[in-house]
Amino acid sequence: MKALQIVQYGAIKDSLTFNDVEKPSVKANDILVEVKSASLNPIDYKLVEGHLKDMVPLNLPCTIGFDVSGVVVDKGADVSNFEVGDKIYSRVPQQQMGTVTEYVAVNSEVVAKKPANSSFEEAASLPLIGLTAIQALERVGLKKDDRVLIHAGSGGVGSFAIQYAKAKGAYVYTTTSTKNVAMVKALGADRVIDYKTEDYKTIATDLDIVFDTLGKNYTFEAFEIIKKGGKVTSIVGPPDEETAKHMGMTDYKLPEELSKLISKKSANYKLTWMQPNGERLNAISKLVENGTIKPVIDKVYSFENSIEACEYLATGRAKGKVIVSI
């Protein structure tokens, strides 16, 4: 079968190629999925370019992709929650990475039946961003009437997080560029900040929560705009000590600048390293089926054009998700 694989670290066009690989076999708890769609995420091109090789070591060549939707065509002896023919979606575990291909074997515990009202393309757009947004916001206890800033509202995680936070009853600020203002407003954000013409730090103030999806200076600036005792939840900033421990980082200490900011505001800071979870995906399916969450897709590429899809995502201009249809 064909698979899109990372063969070296470097520029996307030089480091990805289509290879013939063996069709995977299933272990006792696995299902074998005929892939219908896969979605690409920033982690994918960052892996290709080598930015994460210390945190996520790969045995090259390695098939790219973590999000998948498709049809169950085989299952292991211990699988009782899925049957051949079921239409499913998943964010596959690190050790089963590789969804831009024709078939993938996945541990059934991280799989759910896709939303009944979603296409395979829509379903594939949801797992990583949905699990990331929910886990990040739940780690800081998002609740009704919280004032929350969600950075990069037109991106994959941001577009899901806006809808999820609104469903929880929060008042949502978000940042985006001029061309995406209308799109983000349609997702339900209460105050859309056009970063091309406005300074978010003068508009979104005294916040309960900042959801940092951008990292670098944005992580530190979050502490300027939260209230005393506020919360910063990040998916790209430095690890907090609890997360570092789970990631196997022994003797880790918070960066001094971050530690001072947390202390000054008596703040709660968390980094979320998303974990695949089939039960959470079942909950996302219900949110999609009842209309609370609507998948946001920018472009759908053919399997043959998936290198181009990865290059497009890496431009940072995607509005919602970039999908590969197998």
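Quick caveat: nothing in here was measured; it's all calculated off a predicted structure. (Residues numbered from 1 in each chain as written. Predicted model: local features only at pLDDT ≥ 70, side-chain atom pairs only at ≥ 80, totals over all residues. Heavy atoms only, no water.)

1. What to know about the sheet that holds strand β4 (residues 62-63)
Strand order in the open sheet made by the three strands is β2-β1-β4, with antiparallel pairing throughout. The sheet is open, and its two borders are formed by β2 (16-20) and β4, each paired with just one other strand. When strand β1 (residues 2-6) meets β2, the two strands line up antiparallel, connected through five bridges. Note that in β2 the partner of A3 across the bridge is N19. Relative to the sheet, helix α12 (residues 306-314) contacts β1 and β2, its axis offset from that of β2 by approximately 150°. (Pairing = 2+ DSSP bridges. Helix = DSSP H or I, 4+ residues; strand = E, 2+ residues; numbered from the N terminus. Contact = heavy atoms within 4.5 Å. Axes fitted to C-alpha atoms, helices over the stretch in contact; angles between N-to-C directions.)

2. A few points about the packing of aromatic side chains
This model, assessed by the stated rule, comprises five aromatic pairs. Seen in terms of ring centroids, Y200 and Y218 are 6.1 Å apart; in terms of plane orientation they differ by 25°. Their pairing is stacked. Of the two residues, Y200 is situated in helix α7 (residues 200-203) and Y218 in helix α8 (residues 217-225); the sequence distance between them amounts to 18 residues. Using a relative accessible area of 34% as the deciding quantity, one classes Y218 as partly exposed. Look at Y301 and Y312: their rings are 6.4 Å apart centre to centre, the planes differ by 40°, and that puts the pair in the tilted class. Of the two residues, Y301 sits in strand β15 (residues 297-302) while Y312 sits in helix α12, which places them eleven residues apart along the sequence. For the residue pair Y301 and Y312, the accessibility class agrees, reading buried in each case. Above the plane of the ring of Y103 lies K23, whose end atom (NZ or CZ) is 4.2 Å from the centre. Residue placement shows K114 over the ring face of F120; its charged tip is 5.3 Å from the ring centre. (Phe/Tyr/Trp six-rings, centres within 6.5 Å; stacked < 30°, edge-to-face > 60°. Buried < 20%, exposed > 50% of the residue type's maximum accessible area, 1.4 Å probe, protein only. Lys NZ or Arg CZ within 6 Å of the ring centre and 35° of its normal.)

3. As for the sheet that holds strand β10 (residues 171-176)
Pairing within the open sheet is parallel, and its six strands lie in the order β11-β10-β9-β12-β13-β14. If you trace the sheet from one side to the other, it starts and ends with β11 (191-194) and β14 (268-271), each paired once. Geometrically, the sheet is characterised by an average inter-axis angle of 15° between neighbouring strands, direction not taken into account. Examined bridge by bridge, strand β9 (residues 147-150) and β10 share four bridges and lie parallel to one another. When the bridges of β10 are listed, I150 appears paired with T174. Docked against the sheet, helix α5 (residues 156-167) engages β9, β10 and β12 (207-212), running at close to 165° with respect to β9. Where helix α10 (residues 256-265) meets the sheet, its contacts fall on β13 (226-234) and β14, and the angle it forms with β13 comes to roughly 140°.

4. Re the pattern of salt bridges
For the structure shown, the criterion picks out 16 salt bridges. D14 is paired through a salt bridge with K13; the nearest N and O atoms lie 3.5 Å apart. In this structure D14 comes out as partly exposed when scored by relative accessible area, which is 44%. Taking relative accessible area as the criterion, K13 reaches 56% and is therefore assigned exposed. A salt bridge links K270 to E242; the shortest N-O distance between them is 2.9 Å. (Salt bridge = Lys/Arg side-chain N within 4 Å of Asp/Glu carboxyl O.)

5. Description of helix α11 (residues 278-289)
Taking 1.5 Å of rise per residue, twelve residues should cover 16 Å, and α11 covers 16 Å from first to last C-alpha, within 8% of that figure. On its buried face, α11 is in contact with β6 (87-91), β8 (111-113), α4 (127-139) and α5. For α11, the capping residue at the N-terminal end is N277, with a side-chain oxygen 2.9 Å from the backbone nitrogen of E279. A positive phi of about 85° marks G291, the residue just after α11. (Expected span 1.5 Å × (residues − 1). Polar contact = N/O pair within 3.5 Å; in protein donor to acceptor, adjacent residues only side chain to side chain.)

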